[in-house]
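# Examining the three-dimensional arrangement
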Amino acid sequence: IGDVAGPHSSEFEVELKPLSGEAAETAKDSVRRALSVFPGAYFAVNTFLSERMEESLSGFSAPVVVNVFGTALDTLDHKAEQVADVLRSVPGAVDVQVQAPPGMPQLAIDLQGSKLVRWGFTRGRVLDDLETAYAGAVAGQVFEGDQVFPVTVMLDSTARLDPTKVASLPLRSETGAYVALGQLADIRAEEGRYEVLHLDGRRVQTVTTDVAGPNLTAFVGAAQERIRAAVRLPPGRSSA
């Protein structure tokens with residue numbers, strides 16, 4: 001991917017023969033059908049020029065963008081899914097996506113205060129050790145000519161990529177005793193968010209869609225009517 005994006009996003013460039021009009025739409029539909037067999041993945045099919053123009057206008061590579069503003073993340077997610085369902089019902093809608101959907105697998109580590117005291121740990125000490133183990137910590141520098149390279153220490157990749165080994169991570173207390181992380185914290189798998197979108201300082205959940213066919217204005221008008229009729233926003237929430 002040439003743009004700045006997280007590891008959850010990537011792009012594939014497919015070179016086609018020069019096409020226009022109905023032939024171009026048919027080719028895009030063929031690409032969508034080929035990608036539809038991959039479960040759990042969201043795809044959008046765009047030409048290079050249209051993608052760049054749409055990103056310049058709205059920040060997203062789609063001609064139709066709906067922003068739902070609010071403060072409660074669960075409410076934003078729920079209303080954004082409602083908007084997405086409405087958009088899917090409008091004729092011509094393709095590649096409907098909620099841009100920051102919940103459901104990202106996460107490992108929650110809740111440090112237990114009584115257990116920390118019992119074993120002589122502080123929260124800051126444990127968090128620093130976790131950061132060193134899984135994110136790395138700079139331990140020194142290597143000089144080669146006029147270049148300086150940091151030396152980072154962390155766990156071996158096989159240990160860092162196995163969530164079942166987190167609880168057995170050994171931590172050393174101030175007294176020199178080694179205690180496994182699982183003896184200091186409750187560790188569980190749960191779902192979370194990989195990203196919380198903001199626009200103009202406000203939390204936002206964004207829904208995008210492409211439109212099959214040339215009549216974009218008619219599609220937007222129909223979508224606005226259906227969203228107003230079907231989605232009820234709580235006080236203090238707004239969509240655009």
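Values in this document were obtained by computation on a predicted structure and should not be read as measured data.

Quick look at the pairing of strand 2 (residues 93-98) now. Most of strand 2 is tucked away, with six of its six residues classed as buried. Of the strand pairs in this sheet, strand 2 and strand 10 (residues 202-211) are connected by four bridges, and their pairing is antiparallel. For Val 94, the partnering residue across the bridge sits in strand 10 and is Asp 210.

In terms of nonpolar packing, the biggest core is built from 19 residues, with Val 66, Val 83, Leu 87, Val 96, Val 207, Phe 219 and Ile 227 touching the most fellow members. Elements that contribute at least two residues to this core include exactly strand 1 (64-69), helix 3 (73-89), strand 2, strand 10 and helix 7 (216-230). Examining the composition of this core, we find that six residues originate from one element, helix 3, more than from any other. Among residues more than four places away in sequence, those in contact with Leu 87 are Val 66, Ala 93, Val 96, Val 207, Thr 209, Ala 223 and Ile 227. Counting residues in each nonpolar core, the second largest holds 13 residues, with Phe 121, Val 126, Leu 171 and Val 179 among its members.

The next subject is unusual backbone geometry. If you check the backbone angles, Asp 95 has positive phi at about 55° while not being a glycine. Along the chain, Asp 95 falls in strand 2. For Asp 95, a relative accessible area of 17% puts it in the buried group. A positive phi angle is found at Asp 200, which is not glycine, with a value near 55°. With respect to the helices, strands and loops of the structure, Asp 200 is situated in the loop between strand 9 (198-199) and strand 10. We classify Asp 200 as exposed; its relative accessible area is 70%.

Here is what the cut-offs are and how they apply
- Residues numbered from 1 in each chain as written.
- Predicted model: local features only at pLDDT ≥ 70, side-chain atom pairs only at ≥ 80, totals over all residues.
- Heavy atoms only, no water.
- Buried < 20%, exposed > 50% of the residue type's maximum accessible area, 1.4 Å probe, protein only.
- Helix = DSSP H or I, 4+ residues; strand = E, 2+ residues; numbered from the N terminus.
- Pairing = 2+ DSSP bridges.
- Core = buried A, V, L, I, M, F, W, Y, C linked by side-chain atoms within 4.5 Å.
- Contact = heavy atoms within 4.5 Å.

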